[in-house]
Amino acid sequence: MSFPEDDIPFPGDLPGTSPVRSDAAPLAASGGLAARAMAARGAAAQPDYLRGLNPEQAEAVQAIDGPVLVLAGAGTGKTRVLTTRIAHILNLGLAYPSQIFAVTFTNKAAREMKERIALLVGGAVEGMPWLGTFHSIGVKFLRRHAELVGLRSDFTILDTDDVVRLIKQLIQAEGIDDKRWPARQFASMIDGWKNKGLAPADIPEGDSRAFANGKGRALFAAYQARLQTLNACDFGDLLCHPIRMFRNHPDVLKEYQRKFRFLLVDEYQDTNTAQYMLLRLLAQRPAAEDGDTGRRENAPNICCVGDDDQSIYGWRGAEVENILRFDRDFPGAKVVRLERNYRSSEHILGAAGHLISHNEGRLGKTLFTDRRDPDDDRVQVHAAWDSEEEARAVGEEIEQLQRRDVRLNDMAILVRASFQMREFEERFVTLGLNYRVIGGPRFYERQEIRDAMAYFRVVCQPADDLAFGRIVNVPKRGLGEASVRLLHDHARADDKPMLAAAQDLVGTDELKPRARKSLSDVTEQFARWQGLLETMPGHELAEVILEESGYTEMWQNDRSADAPSRLENLKELIETISGFESLRAFLEHVALVMDVDTNADMDAVSLMTLHSAKGLEFDTVFLPGWEEGLFPHQRALDEGGRSGLEEERRLAYVGLTRAKRRCHIWFVSNRRIHGLWQSTIPSRFLDELPEDHVEVAETDGQYGGYASYGRGQSGGPYGASRFDRAEPFAGNYQSPGWRRAQQNATSATRENWGTRSGHAVERVAYGESGPRARTIEGELVARSTTDVPSSFSVGDRVFHLKFGNGNIAAIDGNKLTIDFDKAGQKRVLDGFVEPV
DNA sequence: CTTAGCGGCCTTTTT
DNA sequence: GGCCGCTAAG
């Protein structure tokens, strides 16, 4: 096997570095690596790029021989270590750029790493084809060796949407009720299996039984078979196929093991089992051929960087275990801890560190900083009456900072769930405040974009039935369900793609003349476009396709409000394609990189989820929505139990550690969830913050007076719980809803509560809030009483804490529709109103 | 075959 | 509150 990219030589002299062994050619496969590295290290003065590293960082960079685990806390210069390490390897001439295997978890991280390496080694980074996400590297393996796993190298990568549609077809074909057994659910089961590297034959019997009365395994197998005939892969396959390929073809694996002289893994705590298996395969050293069996010589040069405290992707199969187990997986591993933080103030670190210390099973790191500025603010906790006021107050705070010349680019709002964003967006629009949503509704998930891409996909890959099925009748061509079904049946009978079957079908008289004409027209068009594929530039062809197919016209004729913006998006799509070599190259890019660059030059507040904030930092960070049920999220608790809670806590830790100087946490006492208003209580995480580094922000009451609400007897300035000062909740605890919830609380919830050691004690010690808080666990209970008929009747006069007095207009289970005197008609849970 | 209107559904995080 | 998909009517 040959690797063409290995021919690209690496320029020995690095810009801005002293010429260390610039004559060193990459070594032959048979080792001697350690010795030469040592020699190189000893022989020359420290290159520039090593200066300015602290001792631990330098150690991590220079320990290039054998396995290394770098436990890098938030803001300790993790990326710097990785990129410098790569530069170091290149500079010592220990490998060609193409012989370095470097994986990151997200596209963003890969991009950033590329940029930063480029700063160190210049254009050489272009010769690093194996720097990317696991998935993009998986694709690279597969394109080269597709035939080894039964694919052709022009296979399509399906996204979640395609997958769900395909599964739905299969479920229906099996005669299974797709209402009872939703395709979406099965798709996520498959995803889970593939994250573990399991094929249909490998899945546990119980898993198979768990779907459609035991048809799980058969469906999974049918799905895989279908992918095969479609010449397609889903996301999981991008990892599983390479694993299978390497296992079945040791010769191929061996070539890659030889090739990759250095392996680097970013965010190791986020790797799932499949990714781990792939790494293990690549990290095995081929047996030494010169008889040298010295262990260090054969130990893989693998360097994993991660932080167990920032593992937040357990829900999608990440195994923190991978990082906790590293030294057993790679015997003799060197472990380097980076604990010196360069990002955050002492208060922020103190708050974050204390919070995360509530987790068990950590490798344990304590971040420290030399930075001690008496002017640094403590972490501030604010209370608001409801989410609207929360958004208003945050907006106000932002404007104040703006007046103090803090740039909007230096501020971010990090939410737990994306639905929280809307309220902030609305507020910012009315304020005229620039904001940018990161990772929000994705460009490539929009309908018009997906339609357009479906056209492109069929042109590039005629066997892509899913894409074809999506657009045969878009715009409307009179090819309705009946015609498509007929076409589909033909395709299956002849075992050929639908497009090919269509060509046959138009030669018969099975279709009505009208449909036949349309179908024949489309197939001819596709044939024509395919002919242009090699000659016409991608973006021109794309434009031609959208024009000739009538797709653009369809939106031009559409009078709905969002039609113009859809046309705008299509334009942008064409624009983007022009930056690519070909339509094919573009499709590949999109399949892997679902996000699109946001214009960074605008000064704007960033709005994103906590998950997408990992790896970023901001001067000022706002963390709204710290309420039980939302954060920690109820579902994480329900499904993940204790480990779910710990993951939520890590998420909080990630949020806090994004902040450099200022961090504002908010919680509200009323939030609308699923269109219903619910009372909420402060997150337990608030109580896990250390007093020394946190202060409860005083409010001036200008935001609609929650502060005046039920300010309690207990609430002296420093009495009881620290959050008593945010006493609106005392009012809530006395609301009929809580009283009822308390009565309904099941023993299960109480036990649940009891398991949270320390916490309950703290609450109880504070008296009143203890038992009340327990009922808050009853928030769930309040929700689960849906089938209990409401004790109210239509016409009753009731009082609601947020909306005041009103009359019940309608009752649906425990959901009341109420005409409020002042607030208008609202839907609320009956637990939150009381008769007047 | 298409469209409009209605009902039932969900609603964490993402490569 | 919004989306999807179904149904009934054109």
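Residues numbered from 1 in each chain as written. Chains lettered and ligands numbered in written order. Predicted model: local features only at pLDDT ≥ 70, side-chain atom pairs only at ≥ 80, totals over all residues. Heavy atoms only, no water.

Under an unreviewed UniProt entry, the name given to chain A is DNA 3'-5' helicase, and the organism recorded is Pseudohoeflea coraliihabitans.

## Things to note about the protein's contact with DNA strand B
Going by this rule: By convention in this text, a residue qualifies as near a molecule or strand provided that one of its non-hydrogen atoms is within 4 Å of it. Whenever a nitrogen or oxygen atom comes within 3.5 Å of another N or O atom, the pair is scored as a polar contact, on the condition that within protein one atom can donate a hydrogen and the other can accept it, and that pairs from neighbouring residues in sequence are kept only if both atoms are in side chains. When residues are grouped by polarity, Ala, Val, Leu, Ile, Met, Phe, Trp, Tyr, Cys and Pro land in nonpolar, Asp, Glu, Lys and Arg in charged, and all others, Gly among them, in polar.
Not every one of the 25 residues close to DNA strand B is listed here, only the nearest: Arg316, Arg416, Ser418, Arg442 and Arg635. Protein-adjacent atoms of DNA strand B, using a 4 Å cutoff, are sugar or phosphate at a proportion of 60%. Gly478 is positioned with one of its backbone polar atoms (N or O) 3.2 Å from a phosphate oxygen of DNA strand B. When the residues that make up the surface near DNA strand B are grouped by side-chain class, the tally is seven nonpolar, 12 polar and six charged.

## Overview of the pattern of salt bridges
Side-chain pairing between opposite charges can occur once the charged atoms of the two side chains come close. Let me state the cut-off plainly: The working definition used for a salt bridge is a side-chain nitrogen of Lys or Arg within 4 Å of a carboxyl oxygen of Asp or Glu. Only protein chains enter the accessibility calculation, which uses a 1.4 Å probe. A residue is then buried if its area is under 20% of the maximum for its type, exposed if over 50%, and partly exposed in between.
What the rule picks out here adds up to 46 salt bridges. A salt bridge links Asp376 to Arg371, with the nearest nitrogen and oxygen atoms 3.8 Å apart. Asp376 sits in the buried class, given a relative accessible area of 7%. Asp410 is the salt-bridge partner of Arg407, the closest N and O atoms lying 3.4 Å from each other. In this structure, a network of salt bridges that share partners links the residues Asp159, Asp161, Asp162, Arg450, Arg457 and Asp464.

## Quick word on the packing of aromatic side chains
Just so we agree on the cut-off: Working definition: a ring pair exists when centres of Phe, Tyr or Trp rings (six-membered ring for Trp) sit within 6.5 Å. Plane angles under 30 degrees give stacked, over 60 give edge-to-face, the rest tilted. Ring-over charges, as used throughout, are those where CZ of Arg or NZ of Lys falls within 6 Å of the ring centre and within 35 degrees of the ring normal.
This structure, assessed with the given rule, holds 29 aromatic pairs. Joined through ring pairs, the aromatic side chains of Phe101, Trp130, Phe141, Phe246, Tyr256 and Phe260 make up one cluster. For the cation-ring pair, Lys140 lies above Trp130, with the distance from its terminal atom to the ring centre recorded as 5.8 Å. Looking at Arg316, its charged tip hangs above the ring of Tyr313, at a distance of 4.4 Å from the centre.

## Re the sheet that holds strand S7 (residues 302-306)
Going by this rule: Strand pairing is assigned whenever DSSP detects at least two bridges linking the two strands. A run of DSSP states H or I qualifies as a helix once it reaches four residues; a run of E qualifies as a strand once it reaches two. Both are numbered from the N-terminal end. Every angle, taken between N-to-C directions, lies between 0 and 180 degrees, and every axis is a line fitted to C-alpha atoms, over only the stretch in contact when it is a helix.
Ordered in space as S3-S2-S6-S7-S1-S8, the six strands form an open sheet in which the pairing is parallel. Only two strands of the sheet have a single partner each, and these edge strands are strand S3 (131-133) and strand S8 (334-338). Pairs of neighbouring strands in the sheet enclose a mean axial angle of 15 degrees, with direction left out of account. In this structure, strand S6 (residues 262-265) lies alongside S7, joined through three bridges in parallel fashion.

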